[in-house]
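Letter by letter, the chains look like this.
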Amino acid sequence: MPSDPRVWIATLRHSHDRLDGLVRPMTPEQIRAQSYCDEWSIAQVLSHLGSGAEISLLMLPGALGEGEEASRDSFQAIWDVWNAKNPDQQAADALAADDRQVKALEQLTGDQLDRISLPFFGMDLDAVGLVRLRLGEHALHTWDIAVRLDPAATVSADAVRLLIDSVPTFLAPRLGQTPARPFAVRIRTTDPERDYLLATADTVVMTDWPEDGTDTPVPEVSMPAEALLRLAYGRLDPDHTPASVTGDPADLDQLRAIFPGF
């Protein structure tokens, strides 16, 4: 996982540019159409990204040590404003707010990036951690829109390369849901190549595949890293599973149940 925050910021800029290129040509009907998210239209996905950008900007001075930490109580007022916008306003304003947030990160000095520290659900995020959270949200919600225009759409490759190592370390233990019976599977990915062991008991744990293998045989699935990233976010339903994914259908369904999304 690259430790240079500017690599992450540049990838977030690319994700913004992709989102902008998708949304600007949309008709009002398309903006109001259903996104991949069951309960959100495309406009509502954009509203979520726009309000998230404003909240990120609100939190930045505190993370830099240049102002007070933003209170979570202040977030509701931002959400209320965005929820009151009509779909056309949500779309246009989201692109503008998103651009402002990326520009704010791009304009930080090296010293400021080094000083970033943000308490977040028991973690202390540095600059990479802060941008990683936004990039994951941004890249996947951009896909939520892109896939309604092109069913074969994928998450941007540069985002996948940065985010894939967050699946075992960050996403699986937080988003994974344990099934009724213990389950273990080997997961191999391509582009980039990874080799993991996922095991469930009281929690969902993903580790690198042991050099000596496992005491008992486990099934194996193989997929592009992009598909594994979407799986972790609950976005690998059968209709959006690439033909290159291999494995027993029952094992794939079990993985989908472990990662139902949120």
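Residues numbered from 1 in each chain as written. Predicted model: local features only at pLDDT ≥ 70, side-chain atom pairs only at ≥ 80, totals over all residues. Heavy atoms only, no water.

### Considering the overall build of the chain
In terms of helices and strands, the chain carries 11 helices and 6 strands. Since a compact globule built from 262 residues should have a radius of gyration of about 18 Å, the 19 Å found for the chain is in line with a globular shape. Split into buried and exposed, the 262 residues of the chain put 48% on the buried side. Counting contacts in the chain only where the partners sit at least 6 residues apart, residues at least 24 apart contribute 71% of the total. Accessible surface, the chain: about 12800 Å² in total, of which carbon and sulfur atoms supply 51%. Across the chain, the 22 positively charged side chains and the 41 negatively charged ones have centroids separated by 3 Å. (Helix = DSSP H or I, 4+ residues; strand = E, 2+ residues; numbered from the N terminus. Rg over C-alpha atoms; globule rule 2.2 N^0.38 Å. Buried < 20%, exposed > 50% of the residue type's maximum accessible area, 1.4 Å probe, protein only. Contact = heavy atoms within 4.5 Å. Areas by Shrake-Rupley, 256 points an atom, 1.4 Å probe, with all protein chains shown as cover. Lys, Arg positive; Asp, Glu negative; His and termini not counted. Charge placed at Lys NZ, Arg CZ, Asp CG, Glu CD.)

### Quick look at empty space enclosed by the protein
As enumerated under the stated definition, the model contains 1 cavity of 30 Å³ or more in all. Of the pockets and cavities examined, the largest cavity occupies roughly 30 Å³. The wall of the largest cavity is formed by Met223, Leu231, Leu236, Leu252, Leu255 and Arg256. Sorting elements by how many residues they give to the lining of the largest cavity places helix H11 (residues 249–258) first, with 3 residues. Among the residues forming the lining of the largest cavity, the class breakdown is 5 nonpolar, no polar and 1 charged. (1 Å grid on protein atoms, 1.4 Å probe; cavity = no way out; pocket = protein on both sides within 12 Å on 5 of 7 lines; lining within 4 Å. Points joined across faces, edges and corners; volume = space filled by probe spheres on them. Nonpolar A, V, L, I, M, F, W, Y, C, P; charged D, E, K, R; others polar.)

### Observations concerning the sheet that holds strand E6 (residues 220–224)
With mixed pairing, 4 strands are arranged side by side in an open sheet as E5-E4-E3-E6. Looking at the sheet topology across the chains shown, the edges are occupied by strand E5 (204–208) and E6. Direction aside, the axes of adjacent strands within the sheet are offset by 25° on average. In the sheet, strand E3 (residues 183–190) pairs with strand E4 (residues 194–200) via 7 bridges, with the strands oriented antiparallel. Residue pairing in the sheet places Val185 in a bridge with Leu198 of E4. Where helix H9 (residues 166–175) meets the sheet, it contacts E4 and E5, and its direction lies at approximately 170° from that of E5. (Pairing = 2+ DSSP bridges. Axes fitted to C-alpha atoms, helices over the stretch in contact; angles between N-to-C directions.)

### Considering unusual backbone geometry
The step from Asp191 to Pro192 runs through a cis peptide bond, and the omega angle for that step is 0°. Positionally, Pro192 belongs in the loop between E3 and E4. At Asp191, a position not held by glycine, the phi torsion is positive, near 55°.

### A short note on the packing of aromatic side chains
According to the stated counting rule, one finds 2 aromatic pairs in the structure shown. Arranged with centres 6.1 Å apart and planes meeting at 70°, the rings of Phe75 and Trp79 form a pair that is edge-to-face. Linking Phe75 with Trp79, this pair stays in helix H4 (residues 75–84), spanning 4 residues, or about one helical turn. Residue Phe75 is classed as buried on the basis of its relative accessible area, which comes to 5%. On the accessibility criterion, Trp79 (34% relative accessible area) is partly exposed. The cationic tip of Lys85 hangs over the ring face of Trp82; the distance from NZ or CZ to the ring centre is 4.8 Å. Just above the ring of Phe170 sits the side chain of Arg132; from NZ or CZ to the centre is 4.9 Å. (Phe/Tyr/Trp six-rings, centres within 6.5 Å; stacked < 30°, edge-to-face > 60°. Lys NZ or Arg CZ within 6 Å of the ring centre and 35° of its normal.)

Purely spatial values, then, with no claim about function.
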